[in-house]
Amino acid sequence: MNTPKNDKNTRTTGRPTLNEVARLAGVSPITASRALRGVSTVATELVEKVQKAALDLNYVVNPAARALASAQSHSVVVLVPSLSNLLFIDTLEAIHQVLRPKGFEVLIGNFHYSRDEEENLLRNYMAYQPRGLLLTGFDRTESSRRMIEASNIPCVYMMELDSGAGLNCVGFSQLAAGETAAEHLLSRGRKRLAYIGAQLDQRTLLRGEGFRRALQKAGLYDPALEILTPRPSSVGLGGELFLQLLASHPQVDAIFFGNDDLAQGALLEALRCGIKIPEQVAILGFNDLPMSEHMVPRLSSINTPREAIGRRSAELMLTLLAGNSVTKPVQDMGFELKVREST
């Protein structure tokens, strides 16, 4: 019995290969690869031919095989602490819009605010030999830090700034945002100011620290008026903590919430209980989520440039991947206080 020879351009598994897609489309394998990766320099008519050929053959890209063949992948790993928070959804969308047209795949990992889970994700994604890493903040395990350093993979840190670490980062000062929150409420004549924070990631704690510093400077800080819980931030939790605070400290006349969902919950609970906002208590949120300007009353909040951070982080990554030097490794995107009816 004659055994058919294996074509070096086909797999023994019978699955279609990139070479078969290229032959069917009448293009070279490299053009087919670029077309499937969405590289913008490939002519539209060729992209259509390659996509049709891939569809006809039921071809699926194997990123691991591509990485092994080229000693590097075309993937950029993005790790965020939550996919249920619109803050990170906006950031991820902006990253995708910048990287995808340049032919890069975006691999998204959600570490649920767990440093250990982030470490596991990093370890797993390193097997794909990613071209770059986009990471959220600076708080991670020592093992993760060593892994990142040893990999020599270009890395950009998002949402926070650290001018002394020699790292590429894009974000804003969480401390300054907290200070701005306190200064705004103080400017409204409030004297008994509270801070409510949940989840307790590093950014939430820094916000609270900035708020605390401003109150200490004004001689109005009271540690009893801080509620910090590791429970996940939510609208329901915001309402619960709002009532808990007022029950124990009815003299409170202003509250800064570490996230808008908490503040939205407080507004709903106040409406339900007949508590007048801002006459009795001024309420200020953080992140300025889309629903905040439609609350009753409209929620004052600190708007964070989540889309701009994602876009600039991705652009910075492209600069690093091109082998170019970064003239400004620390990029402060700022924030904006949105004053509405709740304060």
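What you see is a predicted model, and the numbers here were worked out from it, not measured in a lab.

Criteria and thresholds
- Residues numbered from 1 in each chain as written.
- Predicted model: local features only at pLDDT ≥ 70, side-chain atom pairs only at ≥ 80, totals over all residues.
- Heavy atoms only, no water.
- Axes fitted to C-alpha atoms, helices over the stretch in contact; angles between N-to-C directions.
- Helix = DSSP H or I, 4+ residues; strand = E, 2+ residues; numbered from the N terminus.
- Parallel < 35°, antiparallel > 145°, perpendicular 65-115°, else oblique.
- Left-handed = near helix turned anticlockwise from the far one by under 90°.
- Contact = heavy atoms within 4.5 Å.
- Nonpolar A, V, L, I, M, F, W, Y, C, P; charged D, E, K, R; others polar.
- Buried < 20%, exposed > 50% of the residue type's maximum accessible area, 1.4 Å probe, protein only.
- Polar contact = N/O pair within 3.5 Å; in protein donor to acceptor, adjacent residues only side chain to side chain.
- Expected span 1.5 Å × (residues − 1).
- Pairing = 2+ DSSP bridges.
- Right-handed = clockwise from strand over helix to strand, strands pointing away.
- Salt bridge = Lys/Arg side-chain N within 4 Å of Asp/Glu carboxyl O.

Draft legend 1. Expanded view of the packing of helix α6 (residues 115-126) against helix α7 (residues 142-151). It is at 9 Å that the axes of α6 and α7 come closest, and there the two elements cross at 25 degrees. By the angle between their directions, the pair α6 and α7 is classed as roughly parallel. Seen along the crossing, α6 lies across α7 with a hand that is left-handed. Together, Glu119, Leu122, Arg123 and Met126 of α6 and Ser143, Ser144, Met147, Ile148 and Ser151 of α7 make up the contact between the two elements.

Draft legend 2. Just the packing of helix α2 (residues 29-37) against helix α3 (residues 44-57), in detail. Running from amino to carboxyl end, α2 crosses α3 at an angle of 90 degrees, the nearest separation of the two axes being 9 Å. Classed by the angle they form, the pair α2 and α3 counts as roughly perpendicular. Contact residues: Thr31, Ala32, Ala35 and Leu36 in α2; Leu46, Val47, Val50 and Ala54 in α3. A per-class count over the contact of α2 with α3 returns seven nonpolar, one polar and no charged.

Draft legend 3. Broad picture of the side chain of Glu269. Checked against the element boundaries, Glu269 lands in helix α11 (residues 260-273). For Glu269, a relative accessible area of 15% translates into the label buried. Only 2.8 Å separates the side chain of Glu269 from the side chain of Arg272, close enough to count as a polar contact. Apart from residues no more than four positions distant in its own chain, Glu269 is found in contact with Gly239, Phe242 and Leu243.

Draft legend 4. Structural view of helix α9 (residues 202-218). Compared with an ideal rise of 1.5 Å per residue, which puts 17 residues at 24 Å, α9 spans 25 Å between its outermost C-alpha atoms and is within 8% of the ideal. Within α9, the full set of buried residues consists of Arg203, Thr204, Arg207, Gly208, Gly210, Phe211, Arg212, Ala214 and Leu215. N-cap assignment for α9: the residue whose side-chain oxygen lies 3.0 Å from the backbone N of Arg203 is Asp201. Positive phi shows up at Gly219, right after α9, with a value of about 70 degrees.

Draft legend 5. Just the pairing of strand β4 (residues 155-159), in detail. Among the five residues in β4, five count as buried, and that is most of the element. In this sheet, β4 lies alongside strand β3 (residues 132-136) in parallel orientation, the contact comprising four bridges. Counterpart to Leu135 in the pairing with β4 is Tyr157. Taken together, β3, α7 and β4 form a β-α-β motif whose crossover is right-handed. Strand direction decides the pairing type here: β4 and strand β5 (residues 169-171), joined by three bridges, are parallel. Pairing of Tyr157 across the sheet is with Cys169, part of β5.

Draft legend 6. Quick peek at the environment of Arg340. In this structure, Arg340 sits in the segment after β12 (336-338). Overall, the relative accessible area of 18% leaves Arg340 in the buried class. Put simply, Arg340 and Ser292 are 48 residues apart on the chain and 9.5 Å apart in space, counted from C-alpha to C-alpha. In contact with Arg340, other than residues within four places in its own chain, are Asp288, Ser292, Glu293, Arg298, Leu299, Ser300 and Ser301. In this structure the side chain of Arg340 is engaged in a polar contact, spanning 2.8 Å, whose partner is the backbone oxygen of Leu299.

Draft legend 7. Examining the sheet that holds β5 more closely. If you trace the six strands from one edge of the open sheet to the other, you get β2-β1-β3-β4-β5-β11, paired in parallel fashion. If you trace the sheet from one side to the other, it starts and ends with β2 (105-110) and β11 (330-332), each paired once. Across this sheet, the average inter-strand angle for adjacent strands is 15 degrees, counted without regard to direction.

Draft legend 8. Focus on the sheet that holds strand β10 (residues 300-303). Spatial strand order, β7-β6-β8-β9-β10-β12: six strands in an open sheet with mixed pairing. Looking at strand neighbours, the two that pair on one side only are β7 (226-229) and β12, the edges of this open sheet. Put simply, the sheet's adjacent strands are angled 15 degrees from each other on average, direction ignored. The sheet contacts of α11 involve β6 (193-198), β8 (254-257), β9 (282-287) and β10, and relative to β9 the element is tilted by about 150 degrees.

Draft legend 9. Spatial organisation of unusual backbone geometry. Residue Pro278 is bonded to the preceding Ile277 through a cis peptide linkage, with omega at 10 degrees. For Pro278, the location among the structural elements is in the loop between α11 and β9. For the bond running from Val296 to Pro297, omega is -10 degrees, close enough to zero to count as cis. Within the secondary structure layout, Pro297 lies in the loop between β9 and β10. Even without a glycine there, the phi angle at Asp288 is positive, about 50 degrees.

Draft legend 10. Molecular detail of the pattern of salt bridges. Scanning all chains against the criterion turns up 20 salt bridges. With a shortest N-O distance of 3.9 Å, Arg145 and Glu142 are connected by a salt bridge. Residue Arg145 and its partner Glu142 are located together in helix α7, separated by three residues, close to a single helical turn. Judged by its relative accessible area of 47%, Glu142 is partly exposed.

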